[in-house]
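Spelled out from the first residue to the last, the chains are:
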Amino acid sequence: MAEQRKTARKANGNGKVKIAAMGDLHIQEDAQTSYRDLFGEISREADVLVLTGDLTNLGKPKEAELLAEDLRACSIPVVAVLGNHDYESGCVDQIAATLRQAGVYLLDGQATELMEVGFVGVKGFVGGFGPRMLGSFGEPAIKAMVAESVNEAMRLENAMRQVRAKRTLVVLHYAPIPETVTGEPPEIFPFLGSSRLAETIDRFKVSAVVHGHAHRGTFEGQTPGGAKVYNVAMHITKPTGRPYALLEI
Ligand SMILES: [Fe+2]
Ligand SMILES: [Fe+2]
């Protein structure tokens with residue numbers, strides 16, 4: 001069956017695009033929660049829905065199928081990245097295929113343009129922040145971990161270079177700055193994201209950055225270069241008073 005992607009509407013009068021962003025749905029195969037009503041509401045409020053990973057709880061194909069079913073209630077285009085939970089059961093290819101089949105623009109080191117906005121997506125990885133970032137030293141296992149963090153930043157850079165639009169939204173799962181993970185126990189900050197992502201972002205002009213993963217973090221922050229960063233995990237209190245943030249870019 002061909003992918004059924006939703007048609008993008010035209011930008012509103014001021015030329016801005018309204019983006020609803022939300023992460024960490026953690027859909028479980030035995031859960032009673034349906035996102036249908038919320039996706040219907042978002043379709044009325046926004047032009048594009050952005051999902052910032054941890055879409056499933058244990059990375060099970062059935063969980064992705066439930067999300068795909070609920071997304072039938074969403075009448076606007078959906079852009080997404082996967083999160084660490086979506087990798088848990090080793091079925092990431094199947095999950096990605098299910099979501100793409102449902103019409104999701106699933107980004108993993110790519111960019112796509114909708115309504116003259118470039119959406120750039122990569123999951124990101126752990127590693128810590130600022131001068132305390134984990135360095136490539138010592139055991140091969142540590143070096144492999146740092147290499148993965150660097151690799152995700154390079155994949156983000158390559159995707160940024162594909163963008164031709166004047167406005168860009170960067171979509172991540174892991175945080176690029178410590179400000180938006182503040183609220184989590186400080187001991188786990190290094191596992192919530194990496195400044196290597198912010199270093200890459202600051203080499204480009206971006207309109208905003210959204211991420212999830214830090215359920216107990218802080219909604220708003222900015223990169224050292226001044227790019228606005230929003231933690232849109234469902235659990236974070238947002239100005240909308242709803243599980244999703246609304247950004248106009
Ligand atoms: Fe999560
Ligand atoms: Fe996560």
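Residues numbered from 1 in each chain as written. Chains lettered and ligands numbered in written order. Predicted model: local features only at pLDDT ≥ 70, side-chain atom pairs only at ≥ 80, totals over all residues. Heavy atoms only, no water.

(A) Highlighting the coordination of the iron ion (ligand 2). Here the iron ion (ligand 2) is held by the protein donor atoms D54 (OD), N84 (OD1), H173 (NE2) and H213 (ND1), which lie 2.1 to 2.2 Å from it. What the four donor atoms of the iron ion (ligand 2) show is an angle range of 89 to 151° at the metal, which sorts the shape as irregular. Donor residues binding the iron ion (ligand 2) come from one chain and are separated in sequence as D-x29-N-x88-H-x39-H. A distance of 3.5 Å spans the gap from the iron ion (ligand 2) to the iron ion (ligand 1), which D54 bridges by coordinating each metal. Residue N84 is found in the loop between strand 3 (78–81) and helix 3 (92–101), and its partner H213 is found in the loop between strand 8 (208–211) and strand 9 (220–222); the two are separated by 129 residues along the sequence. Take H213: its relative accessible area is 13%, and that puts it in the buried class. (Donors = N, O, S within 2.8 Å, 3.2 Å for Na, K, Ca; no water. Tetrahedral: all angles 85-135°; square planar, octahedral: opposite > 155°, others 65-115°. Helix = DSSP H or I, 4+ residues; strand = E, 2+ residues; numbered from the N terminus. Buried < 20%, exposed > 50% of the residue type's maximum accessible area, 1.4 Å probe, protein only.)

(B) Looking closely at the side chain of T98. Position of T98 relative to the elements: it lies in helix 3. In this structure T98 comes out as buried when scored by relative accessible area, which is 17%. Not counting residues up to four positions away in its chain, the partners in contact with T98 are A64, E65 and A68. (Contact = heavy atoms within 4.5 Å.)

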